[in-house]
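# Observations on the model geometry
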Amino acid sequence: MPVFERETRVRAPFSEVWAFHSRIEGLEALTPDWLHLTIESVTGPGGEHDPETLAPGTRISMSLRPFGVGPKQRWTSVITKRTEAEESAMFEDIMQGGPFARWKHTHSFREDGADTIVHDRVEYELPGGKLGRAVTPFSSVGFEGMFRGRHRATKRALEQA
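Residues numbered from 1 in each chain as written. Predicted model: local features only at pLDDT ≥ 70, side-chain atom pairs only at ≥ 80, totals over all residues. Heavy atoms only, no water.

### Here's the deal with the nonpolar core
To keep things clear, this is the line we draw: In this text, buried Ala, Val, Leu, Ile, Met, Phe, Trp, Tyr and Cys residues form a nonpolar core when linked through side-chain atoms within 4.5 Å. The buried label applies to any residue whose accessible area, calculated with a 1.4 Å probe on protein chains only, is under 20% of its type's maximum; exposed applies above 50%, and partly exposed to all values in between. Counting from the N terminus, the helices are the DSSP runs of H or I reaching at least four residues and the strands are the DSSP runs of E reaching at least two. The contact definition used throughout considers only heavy atoms, calling two residues in contact when any of these lie within 4.5 Å.
Counting 32 residues, the largest nonpolar core has Phe 100, Trp 103, Tyr 124 and Phe 143 as its most contacted members. Per element, the largest residue contribution to this core is five residues, and it comes from helix α3 (residues 130-158). Discounting chain neighbours no more than four positions away, the residues touching Trp 103 are Trp 75, Asp 93, Ile 94, Met 95, Val 122, Glu 123, Tyr 124, Phe 143 and Met 146.

### Describing the pairing of strand β6 (residues 102-112)
Where a strand is regular, its side chains alternate between the two sheet faces. Let me state the cut-off plainly: By the convention used here, strands pair only if DSSP detects at least 2 bridges between them.
As paired strands, strand β5 (residues 88-97) and β6 are joined by seven bridges and run antiparallel to one another. Within β6, the residue paired with Glu 92 across the bridge is Thr 106. In this sheet, strand β7 (residues 115-125) lies alongside β6 in antiparallel orientation, the contact comprising 11 bridges. Across the sheet, the residue bridging to Thr 106 is Arg 121, located in β7. Once β6 ends, the chain turns through two residues before running back antiparallel as β7, passing Gly 113 with a positive phi of about 65 degrees.

### Comments concerning the sheet that holds β6
Convention followed: Note on definitions: angles span 0 to 180 degrees between N-to-C directions of axes, and those axes are lines fitted to C-alpha atoms, for helices only across the stretch in contact.
Pairing is antiparallel across the open sheet formed by seven strands, whose spatial order is β1-β7-β6-β5-β4-β3-β2. For this open sheet the edge positions go to β1 (3-10) and β2 (38-43), each flanked by a neighbour on one side alone. Across this sheet, the average inter-strand angle for adjacent strands is 20 degrees, counted without regard to direction.

### Some points on the confidence of the model for the protein
Low pLDDT marks regions whose predicted coordinates should not be analysed in detail. Put simply, the test is: The pLDDT value expresses, per residue, how confident the predictor is, ranging between 0 and 100.
A residue-level look at the protein finds 94% of positions with pLDDT of 70 or above and a mean pLDDT of 91. The secondary-structure element of the protein with the lowest mean pLDDT is α3, recorded at 82, while β6 shows the highest, at 97.

### Structural notes on a nonpolar patch on the surface
Note the following rule: Only residues whose relative accessible area exceeds 30% and that take part in no salt bridge are eligible for patches, with like-charged residues grouped when within 9 Å of each other and nonpolar side chains (Val, Leu, Ile, Met, Phe, Trp, Tyr) grouped when within 5 Å. Note on areas: these come from Shrake-Rupley sampling with a 1.4 Å probe, and a residue is covered only by the protein chains present in the view. We define a salt bridge as a contact between a side-chain nitrogen of Lys or Arg and a carboxyl oxygen of Asp or Glu at a distance within 4 Å.
Residues Trp 34, Phe 67 and Val 69 make up a contiguous nonpolar surface patch of roughly 340 Å² in combined accessible area. Turning to its location among the elements, Val 69 is positioned in the loop between β3 (59-64) and β4 (73-84). For Val 69, a relative accessible area of 57% translates into the label exposed.

### As for the pattern of salt bridges
This structure, assessed with the given rule, holds 13 salt bridges. Taking the shortest distance from any N to any O, the salt bridge between Asp 112 and Arg 9 comes out at 2.6 Å. Taken together, the residues Asp 112 in strand β6 and Arg 9 in strand β1 connect sequence positions 103 residues apart. Note on Asp 112: relative accessible area 32%, which makes it partly exposed. A cluster of three or more residues bridged by salt bridges with shared partners is formed by Glu 5, Glu 92, Lys 104, Arg 121 and Glu 123.

Quick look at the structure:
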């Protein structure tokens, strides 16, 4: 499966960066405007609505309408893993319905002095069979722009001037 990775340093304490990414508000704040993301529902592992933390079993149903053109695309992500230690943490989500044939996103965070290293790893497969596989080498262009924007938004939200 193809893999996209991006890492950045955020000049903010690990605990703040981790807390920001552990809530649905973090997802909303980091998604580029051009995707026109709407969170339809968030259901916790016990069936509760709008849980405070994105724990394993949490289902996030959303819709996207890139560039505001065409029909909405539905996307359901499920948090499958979450680990937290004193100086590092991670969570993983998989797409259970959406525009990709496969999608697994691992969000990792580690303390580095007073800073935090944020690492995104996406394993994915484009839809469309042979055609999707043929254009996969070009998909990194879209991923790079999207994750660069997400990392910049993290810095804007958390770094002190």
